[in-house]
Amino acid sequence: GDLRAMNRQVVKSDFATLRVPELEFEIQAGTQKAQLTTVEGIMSSAAKNLAAGQEERRQQYPEVAEKIDAFVAKLELCAEAKMAFTVEVDDPSGNSYVESYSQDPSQDEKLAITYYERTREQSEALGLKVSEEEAQAQAEAQAEGEGERVEEVPEIS
């Protein structure tokens, strides 16, 4: 695996949603405090948090515990760079960051950054006032298929 990519610094704001599509895994915005970590730290922390309470779960809900054990094993493989995966950070506030190994992030082959217009709902969730004029323009842009997610994606393989 790419151990260097596992050490990329990641700043995840309170407003960021983090996804690992290969595992169908998501950490929704607002469920964790803002943090400075690494890609490996994200995966290790997720595995540790999911494994918490497993002993009790094994006794009460053995089938559920078995599925969680299998998923934790996948997260640990990712954390050890033994399984390829992609990290997506979607932050409508624009305050999250994934370290690039190039002075020019567009030259970093394993990092993609996409900018987009926030939706009215995202702006309101951030506490930003949205005028009716802006809301109408956003609705029209969305209807035309504009407005991609912001994703900073180190692909770990």
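Just so we're clear, the structure is a prediction, and the values are computed from it rather than from any experiment.

Calculation rules
Residues numbered from 1 in each chain as written. Predicted model: local features only at pLDDT ≥ 70, side-chain atom pairs only at ≥ 80, totals over all residues. Heavy atoms only, no water. Salt bridge = Lys/Arg side-chain N within 4 Å of Asp/Glu carboxyl O. Helix = DSSP H or I, 4+ residues; strand = E, 2+ residues; numbered from the N terminus. Buried < 20%, exposed > 50% of the residue type's maximum accessible area, 1.4 Å probe, protein only. Polar contact = N/O pair within 3.5 Å; in protein donor to acceptor, adjacent residues only side chain to side chain. 1 Å grid on protein atoms, 1.4 Å probe; cavity = no way out; pocket = protein on both sides within 12 Å on 5 of 7 lines; lining within 4 Å. Points joined across faces, edges and corners; volume = space filled by probe spheres on them. Nonpolar A, V, L, I, M, F, W, Y, C, P; charged D, E, K, R; others polar. pLDDT = per-residue confidence, 0-100. Contact = heavy atoms within 4.5 Å. Pairing = 2+ DSSP bridges. Axes fitted to C-alpha atoms, helices over the stretch in contact; angles between N-to-C directions.

## Description of the pattern of salt bridges
At step 1: Evaluated as defined, the whole model comprises 7 salt bridges.
At step 2: As a salt-bridge pair, Arg 58 and Glu 55 come within 2.9 Å of each other at their nearest N and O atoms. Within this pair, Arg 58 and its partner Glu 55 are both found in helix 3 (residues 54-60), separated by 3 residues, close to a single helical turn.

## Some remarks on the side chain of Asp 90
At step 1: Mapping Asp 90 onto the fold places it in strand 6 (residues 88-90).
At step 2: The class for Asp 90 is buried, based on a relative accessible area of 7%.
At step 3: In this structure the side chain of Asp 90 is engaged in a polar contact, spanning 2.9 Å, whose partner is the side chain of Tyr 116.

## Let's talk about empty space enclosed by the protein
At step 1: Across all of its chains, the model carries 1 cavity of 30 Å³ or more by this definition.
At step 2: Size it by volume and the largest cavity reaches roughly 40 Å³.
At step 3: In terms of lining residues, the largest cavity is bounded by Ile 27, Gln 32, Gln 35, Ile 42, Ser 45, Ala 46 and Asn 49.
At step 4: Examining the composition of the lining of the largest cavity, we find that 4 residues originate from one element, helix 2 (residues 39-51), more than from any other.
At step 5: Taken together, the residues that form the lining of the largest cavity break down as 3 nonpolar, 4 polar and no charged.

## Quick notes on the confidence of the model for the chain
At step 1: The predicted model of the chain has a mean per-residue pLDDT of 84, with 82% of residues at 70 or higher.
At step 2: Taken together, the stretch residues 146-152 has pLDDT below 50 and engages in 31 contacts with residues farther than four places along the chain or on a different chain.

## Concerning the sheet that holds strand 6
Strand pairing in a sheet is mediated by backbone hydrogen bonds. Such pairs are either parallel or antiparallel.
At step 1: Taking strand neighbours across the sheet as the criterion, the 3 strands line up as 3-2-6 in an open arrangement whose pairing is antiparallel. With partners counted over all chains shown, the strands left at the sheet margins are strand 3 (25-27) and strand 6, one partner each. Strand-to-strand twist across the sheet, computed as the mean angle between neighbouring axes with direction ignored, equals 20 degrees.
At step 2: Note: strand 2 (residues 17-20) against strand 6, 3 bridges, orientation antiparallel. Bridge pairing in strand 6 places Thr 17 opposite Asp 90.

## Topic: the pairing of strand 2
At step 1: Burial along strand 2 is two-sided: the face carrying Thr 17 and Arg 19 and the face carrying Leu 18 and Val 20 are both buried.
At step 2: Sheet analysis places strand 2 next to strand 3, joined by 3 bridges and oriented antiparallel. Within strand 3, the residue paired with Arg 19 across the bridge is Glu 26.
At step 3: Turn length for the strand 2-strand 3 hairpin, with the two strands adjacent in sequence and antiparallel, is 4 residues, and the turn residue Glu 24 shows positive phi of about 55 degrees.

## Some thoughts on the sheet that holds strand 1 (residues 9-12)
At step 1: Taking strand neighbours across the sheet as the criterion, the 3 strands line up as 4-1-7 in an open arrangement whose pairing is antiparallel. With one partner strand each, in any of the chains shown, strand 4 (35-38) and strand 7 (97-98) form the two edges of the open sheet.
At step 2: Relative to strand 7, strand 1 runs antiparallel, the two sharing 2 bridges. Paired with Val 10 across the bridge in strand 7 is Val 98.
At step 3: Contacting strand 1 and strand 4, helix 2 crosses the sheet at an angle of about 100 degrees to strand 4.

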